[in-house]
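For reference, the chains in residue letters:
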Amino acid sequence: MTTHMIHELLLTLGIGRQYLGHSITVEAITMVIRDENCLLCVKHGIFQPLADKRSCDWRTIERNMRTVIHRAWTFNTDRLMELAVYPLRREPTVTEFLDILSSYMMRQSPRRMAR
């Protein structure tokens, strides 16, 4: 799995690099693939480490990710539901979104993920 593959996946959802949350989401998905336990408490497992890295507040990270999710939901709901493999009745939460995308990435190249 490469970050390039995650970038490409985000582009299919209408999330280009012009969104601040694009690179944040790439890093967050990579973190989840490495350790799924970070989904159990996203504030401490994802938001805070990314905020520390960028010298900003964790709420900024969360807000940027919610913007990305809203863009994906409004731009390509069908693709997002396809990735989820279950019906979505509403815009997913950050945790749900990261779970959906990281699970999809792991299904695409399971041998690469095991490293």
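Anything mentioned here points back to the structure above.
Figured I'd write up the structure that's included with this text. Worth saying up front: this structure is predicted, and the values here are computed from it rather than measured. (Residues numbered from 1 in each chain as written. Predicted model: local features only at pLDDT ≥ 70, side-chain atom pairs only at ≥ 80, totals over all residues. Heavy atoms only, no water.)

1. Looking at the overall build of the chain
Within the chain, the regular secondary structure consists of 7 helices and 0 strands. Taken from N to C terminus, the helices and strands of the chain fall in the order α-α-α-α-α-α-α. Computed over its C-alpha atoms, the radius of gyration of the chain comes to 13 Å, within 12% of the 13 Å expected for a compact globule of 115 residues. Structurally, the chain occupies a C-alpha span of about 35 × 35 × 25 Å along its principal axes. Every one of the 115 residues in the chain was classed for burial, and the buried ones make up 44%. Considering only contacts in the chain between residues 6 or more positions apart, those separated by 24 or more positions represent 56%. Averaging the coordinates of the 16 positive side-chain charges in the chain and doing the same for the 12 negative ones gives two points 3 Å apart. (Helix = DSSP H or I, 4+ residues; strand = E, 2+ residues; numbered from the N terminus. Rg over C-alpha atoms; globule rule 2.2 N^0.38 Å. Buried < 20%, exposed > 50% of the residue type's maximum accessible area, 1.4 Å probe, protein only. Contact = heavy atoms within 4.5 Å. Lys, Arg positive; Asp, Glu negative; His and termini not counted. Charge placed at Lys NZ, Arg CZ, Asp CG, Glu CD.)

2. Quick notes on the packing of aromatic side chains
If you walk through the whole model with that rule in mind, you get 1 aromatic pair. Between Phe47 and Trp58, the ring centres sit 6.1 Å apart and the planes meet at 10°, which makes this aromatic pair stacked. Placement of Phe47 in helix 3 (residues 42-54) and of Trp58 in helix 4 (residues 58-75) is noted, with a sequence separation of 11 residues between them. The class of Phe47 is buried, set by a relative accessible area of 4%. It is Arg79 that lies over the ring of Tyr104; its NZ or CZ is 5.5 Å from the centre. (Phe/Tyr/Trp six-rings, centres within 6.5 Å; stacked < 30°, edge-to-face > 60°. Lys NZ or Arg CZ within 6 Å of the ring centre and 35° of its normal.)

3. Remarks on the state of the cysteines
One pass over the structure, following the stated rule, counts 0 disulfides. Not part of a disulfide, Cys38 finds its nearest cysteine sulfur in Cys41, a span of 10 Å. Since its relative accessible area comes to 9%, Cys38 is described here as buried. Take Cys41: its relative accessible area is 35%, and that puts it in the partly exposed class. (Disulfide = S-S within 2.5 Å.)

4. Things to note about the packing of helix 2 (residues 20-34) against helix 4
Running from N to C, helix 2 and helix 4 cross one another at 100°; their axes reach a closest spacing of 8 Å. One way to sum up the angle between helix 2 and helix 4 is to call them roughly perpendicular. Packed against helix 2, whose contacting residues are Leu20, Gly21, His22, Ile24, Thr25 and Ala28, the element helix 4 presents Ile61, Asn64, Met65 and Val68 at the interface. (Axes fitted to C-alpha atoms, helices over the stretch in contact; angles between N-to-C directions. Parallel < 35°, antiparallel > 145°, perpendicular 65-115°, else oblique.)

5. Let's talk about helix 3
Taking the largest bend as the criterion, helix 3 deviates by roughly 30°, centred on Gln48, and proline Pro49 comes between one and four positions later. Among the residues of helix 3, Val42, Gly45, Ile46, Phe47, Leu50 and Ala51 are the ones counted as buried. Looking at the buried residues of helix 3, the elements they touch are helix 2, helix 4 and helix 6 (94-108). At the C-terminal side of helix 3, Ser55 shows a positive phi close to 55°. (Bend = angle between axes of the 7 residues up to and from the residue.)

6. What about the packing of helix 4 against helix 6?
The interhelical angle for the contact between helix 4 and helix 6, taken along N-to-C directions, is 65°, at an axis separation of 10 Å. Accordingly, the angle class assigned to the pair helix 4 and helix 6 is roughly perpendicular. The crossing of helix 4 and helix 6 is left-handed. Contacts between helix 4 and helix 6 involve Met65, Arg66, Val68, Ile69 and Ala72 on the former and, on the latter, Val94, Phe97 and Leu98. Grouping the amino acids of the contact of helix 4 with helix 6 by side-chain chemistry returns 7 nonpolar, no polar and 1 charged. (Left-handed = near helix turned anticlockwise from the far one by under 90°. Nonpolar A, V, L, I, M, F, W, Y, C, P; charged D, E, K, R; others polar.)

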